[in-house]
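Structural features, examined
Residues per chain, in single letters:
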Amino acid sequence: MIDNNEAIARTLLDPSDARTARFEPVTSGMSGATVIRVVQPGCSDRFAKIADAAIADALRDEVTRIAWLSARGITVPRILRVNEQLGSYAVLMDAVRGTPADSSPLPIPQLVGALARALAALHRLPPDDCPFDETLGTRLSRAAAAITADEIDVAQFEPRNRDSAPEMLLARLTAQQPAEDIVVVHGDATLSNMIVDMDG
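Residues numbered from 1 in each chain as written. Predicted model: local features only at pLDDT ≥ 70, side-chain atom pairs only at ≥ 80, totals over all residues. Heavy atoms only, no water.

For the rest of this paragraph, the subject is the side chain of Asp94. As for its position among the elements, Asp94 is in strand S5 (residues 88–94). Here the side chain of Asp94 touches Arg78 through a polar contact of 2.6 Å, landing on its backbone nitrogen. Apart from residues lying up to four places away in sequence, Asp94 is in contact with Asp45, Arg46, Pro77, Arg78 and Leu80. (Helix = DSSP H or I, 4+ residues; strand = E, 2+ residues; numbered from the N terminus. Polar contact = N/O pair within 3.5 Å; in protein donor to acceptor, adjacent residues only side chain to side chain. Contact = heavy atoms within 4.5 Å.)

In structure tokens:
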């Protein structure tokens, strides 16, 4: 039996591909989108990301960011197809060559050098050209809205903050805002979110 997300992923493929592809759920990540690896003989892996109405805007934003970065020479997945259906937004992208940095076989010095070069390439992009506002004021406003909407999962807090109410943390962060050096950043530069190939 095909579940709804697999059925949506199939709509992103050509009919002949949809018949021979295998669909594997990807359970890592915290975006809230459903991610499915599309495996097909003779083809590189592809990934389908599917978001329902509640988080579709975040996936649309991701596609826009990918297109913007790609146009500036940053290595990102290629967007192959987008499908918007009633109540869902889905995108098919190719796999970036390499492995997540947290499982890379590269020696640590090479890995650190590769990550530093990648982040430096982002930081060299002119921030005035970047249409995405992630300044502290914007992020704190978003946090305040999430607190008001009761969307905060305190179980995700770092251990040092587990005994603090979200409102208290927001007040502390608001009062302690440092001066900002505006640059283009990754936004979620965890090792699992950065792909490194064997050439660094």
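Text resumes after the structure shown.
Another aspect to go through is the pairing of strand S2 (residues 34–39). Where strand S1 (residues 22–26) and S2 come together, 5 bridges link them in antiparallel fashion. Residue Glu24 lies in a different strand from S2, and its bridge partner there is Arg37. Sheet analysis places S2 next to strand S3 (residues 46–52), joined by 5 bridges and oriented antiparallel. Along S3, the bridge assignment pairs Arg37 with Phe47. Here S2 folds back onto S3, and the loop between the two strands holds 6 residues, one of which, Gly42, carries a positive phi near 80°. (Pairing = 2+ DSSP bridges.)

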